[in-house]
Amino acid sequence: MLEGDMMVTDSINDFFDSMLCLPDLRLVKSGLKTTNGQDDYLLFVNAGGGSIHAKDCQINFKGDSFFEGGEIIQTSEIIVDGGDYSFLYQSARYGNFCYKFSDLSCGEVLLDLHFAEIVYTNGPKEMRVFDVFVQDEKILSDFDVYAIVGANKPLQLLDVRVFVPDNGVVVVSFEGRSGTPMVSGISLRKAPKLPVISQPIICNNCASVQEISSIQNRGQNAKFLAKYEKKIQELTAQCKAMSDECHEAWMSQKTTNDQLEELKMEFNNKLFQTENLELTVELQMVKLRNVTQMYEHSQKKWITAMVGLDEKVKVMKQEHLQLCLEAHDWADAAPDFNKMIIAVQTLVVQCNDLKSKYAEEMTKRKNLFNLLQEIKGNIRVFCRCRPLNRREISSGYATVVDFEAAKDGELGLFTGGPTKKIFKFDRVYTMNDDQSDVYADASPLVISVLDGYNVCIFAYGQTGTGKTFTMEGTEQERGVNYRTLEELFKIAGGRKEMCDYNISVSVLEVYNEQIRDLLAISPSSKKLEIKQALEGFHHVPGIVEAKVENIEEVWNVLKVGRNARAVGSTSLNEFSSRSHCMLCIMVRAMNLVTGESTQSKLWLVDLAGSERLTKTDAQGDRLKEAQNINRSLSALGDVISALASKSSHVPYRNSKLTHLLQDSLGGDAKALMFVQISASENDLSETLSSLNFASRVRGINLGPSRKQVDTSELMKLKMTIDKLRQECKTKDVSSRKLEDSIQSLESKVRAKEHMCRTLQEKNKELEAQVESKRELQFSSERQNMQLSEKVKELEHKLKEQEHSENLQQKIKELDSKVKEHEFSELITQQKVQDLSMKLRESHQFECLLEQKVKDLEEKLRKEELKSACMERIANSAEKKFLSKDESNGEIDPRVLRSSNSINQPMEVPISILLKAEKTLQNAKIERKSEDVEGNMAVGEKKVLISCETNRKRKIDQTKTLGRLSRTSKAAATQRFPKVGTTKSNSRQQEQRKIIR
């Protein structure tokens, strides 16, 4: 793990070093702090920002100036680890631009650059890569801020030593490689003096030591680096030639190895062939053994099979006897089974009789119930009184209704005189009676609807007397509508085995003498009209009939209709019903026993208020509504009076209300009226008129009601009866024909039975003959089997003899082949020995080559060290010679003495230079002689190898030279990788030595 971490850190450092073009530069991954020596700053530019100089800020930041090109960008995001001046990194200049600083004093200064990636905060790397030049010298190459520190983090480049020329101008330019460059701040600091070079240069004029800065020394170093590069190129060329020679030797060794592998493959193939022959011989022997074993096994198997078949035959005979006995038992038990069938048939007949009797009793019960309802009167009137409300109690109104004789159906009303007026109804409810008590008296009519009779239940009275409460109710106290449908589903569920009921619901309102469908999804412009069907049945085409199957669906339908009803505010009631709400329940029933089908209708009507116009103080739309309500109620009164007087003409068509209720108010229907009154003396006049109207209604005698039989079903039944009659006639004719054909067939069957008997006798005779023939055939088959076994034994012996002769011949052939194979093995062994000798020689030759390569590498290293020393001496000598040449022009005699005395030691370096040149020449001569000897040895080896290999096969020399050249390149790259890196490393080492 530690080695892996070290490798990662080394790779990161190499990545940073590749960006820095000068050795003394530093990268700091944090922001500017106050401990960095603020007093040495000559200039500090806030790139992309304004000038800042406050008490807390010790550095004087100048605004963005001295620039040429580029644009400004700023951010408000927090700079992580931004130091004491994080605002510096929140602005920047970007684009291809440069900064030109003028009016600087001549000398050296330190340049610092401040960066932060504030644009590409989500990366990725290499989105912004750029170069930085100072005085046309590159200091940063392929610089990527995001790759080093990431987004919104500062990065400082410190200690860039810059030489200011005489004109006092310093130029810092930025050039983008991919993306646009960016900088947040630039600062110039005073540069400390560098230490003096180890070999000082003395001035010839004043004999003083001259200090040369590193910037001035860079130009001189570049010249020497060029010389070093030329020498390195020469050495690399020599190394390449040596590697090519090594590759050629390696290729020759490879060819010998290939030949060895081919011989080994041939030897292995021969061995494989011999092994295959041995395996085939063994397999044939195994097959012979298997055949003999199979024959013995099959013989035993057939014997066991024969024994098993005999046992199975015996078992089958026993089973046959058992089956015969069981058949006789079943034949004896047949009379008992017939008795059971007769008993079941008698039970079925009794069950049908009971069903018919039950149906008769049901019809009698219906007739008696209807007679009872007719005796009570077809239009029944129930009276219900609303108690005083809070407003009436607070106003001090008295109660004008007396309930003393309510149980007897009498109601007393105080009209202001000494006596009270008595009204008699079918049922009078006190103020303590609830919704369940009200519905208990109305529930018998629900049974009439299911029996096929039309029924009408309506509530009449002035506004605010509780008509809607009685008919609809609330969720806590359900009204007549909900309880009626609940009772319908309950009774229909109890009769589901006898009758099939289909119940549908429609909700209407008569508003301003117009019929409106309260279940319609969207109001249609088409006017709804009443049509008359067959036998006086009235209906409204286009109205929505919602089929309901349970009480939850009923409640949803009722809520939809109640929400769509027209409601308005009057002086009597804040939420007054301004229309007649009519709930129509259609019941289609079919008796599953008798097949009778009926279609009945139940109207549940909540009439609008019956008060006078003067009392409501209605105006505008409310006045029009009140007029239409009174007109329809007066039409209802006319119909009631016509029915009471048994007039020949009943004015049903005077109003939409009476027209809709025509089939439920006539002589063939049953009706119930709830008269709703108020107990307050303030409503006395309206209460009196309502009670008078109710007493008139109670006096009507409509006569017996009639069941509403569905005529469409009757017509269908008649059609089916006619079809059945025709089918019966055709079936009678066909049955007669079948009887005639049966008689003819019976005569034919008798003749065929006689023929069968004669044929059976003949079959028995033939079977006896066949059995005798089978016995003869079985004996002949046994004889044939014995003869065939003897023949097989003889054939088997002949085959064994032939097979033994073939095996002897094959064994002889195999012996000859084995001898040939042994001879070939001896030859191959000799070849292998020869090739192994050649391989040893080639290995020895490779070892010699490797030793020579190592010696050459050591010599190269020594030469590099010598050349480095020579260059140092030459540099110092050149400098001194230059200083001499400059001083030889004009000098004083006094200075000449001192200069001669100083320059006396320079004779020694010249002699050293001459010696170094001689050593270099001698090294070159030795290297050339060694190269010639090596080439001669390699040539001799090549000739020997080529002579030996040409005995086996002919090789195209042009192809081999091509392969050698290709592989020599790969070998050279493997032996001497990264020549460029060695160059750069050697340059840096020499520069550091020169600086020291």
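What counts, and at which threshold
Residues numbered from 1 in each chain as written. Predicted model: local features only at pLDDT ≥ 70, side-chain atom pairs only at ≥ 80, totals over all residues. Heavy atoms only, no water. Core = buried A, V, L, I, M, F, W, Y, C linked by side-chain atoms within 4.5 Å. Buried < 20%, exposed > 50% of the residue type's maximum accessible area, 1.4 Å probe, protein only. Helix = DSSP H or I, 4+ residues; strand = E, 2+ residues; numbered from the N terminus. Contact = heavy atoms within 4.5 Å. Pairing = 2+ DSSP bridges. Axes fitted to C-alpha atoms, helices over the stretch in contact; angles between N-to-C directions. Parallel < 35°, antiparallel > 145°, perpendicular 65-115°, else oblique. Left-handed = near helix turned anticlockwise from the far one by under 90°. Nonpolar A, V, L, I, M, F, W, Y, C, P; charged D, E, K, R; others polar.

*Asks:* When you look at the nonpolar core in this model, what are you seeing that I'm missing?
*Replies:* If you look at soluble globular proteins, the nonpolar side chains tend to sit buried side by side. Core analysis: the biggest nonpolar cluster contains 52 residues, and Met582, Trp603, Leu660 and Met673 have the highest contact counts within it. Counting residues per element, this core draws most heavily on helix H11 (residues 621-644), at seven residues. Contacts of Trp603, omitting those with residues within four sequence positions, involve Val455, Cys456, Ile457, Leu508, Met582, Leu583, Cys584, Leu660, Leu661, Asp663 and Ser664. With 42 residues, the next largest nonpolar core counts Val438, Tyr501, Val505 and Leu602 among its residues.

*Asks:* Help me out: how do you make sense of the sheet that holds strand E11 (residues 170-178) in this one?
*Replies:* Adjacent strands of a sheet form backbone hydrogen bonds with each other and so pair up, either parallel or antiparallel. Judged by pairing direction, the sheet is antiparallel, and its five strands sit side by side in the order E3-E6-E11-E8-E9 without closing on themselves. Each edge of the open sheet is held by one strand with a lone partner, namely strand E3 (67-68) and strand E9 (137-143). As paired elements, E3 and strand E6 (residues 98-101) share two bridges and run antiparallel to each other. Residue pairing across strands places Phe67 opposite Tyr99, the latter belonging to E6.

*Asks:* Please explain the packing of helix H5 (residues 435-442) against helix H8 (residues 480-494) as it appears in this structure.
*Replies:* The description of two packed helices rests on the angle between their axes and on the distance between the axes. Interaxial distance between H5 and H8 falls to 10 Å at its minimum, and their mutual angle equals 55 degrees. The angle between H5 and H8 falls in the class oblique. Both H5 and H8 take part in a crossing whose hand is right-handed. Of the residues in H8, those in contact with Gln435, Ser436 and Tyr439 of H5 are Val480, Arg483, Thr484 and Glu487. Within the contact of H5 with H8, the residues separate by chemical class into two nonpolar, three polar and two charged.

*Asks:* Sorry if this is basic, but what is going on with the pairing of strand E21 (residues 454-461) here?
*Replies:* As a general feature of sheets, a regular strand has side chains that alternate between the two faces. Of all eight residues making up E21, eight are buried, and the element is well covered by its neighbours. Going residue by residue along E21, you find Asn454, Cys456, Phe458 and Tyr460 tucked away on one face and Val455, Ile457, Ala459 and Gly461 tucked away on the opposite face as well. As judged from the eight bridges shared by E21 and strand E31 (residues 669-678), these two strands associate in the parallel manner. Paired with Asn454 across the two strands is Ala669, which belongs to E31. Bridge count between E21 and strand E30 (residues 597-606): five bridges; the pairing is parallel. In the sheet register, Ile457 faces E30, and the bridge partner there is Leu604.

In short, the description is geometric, and any link to function would need to be established separately.
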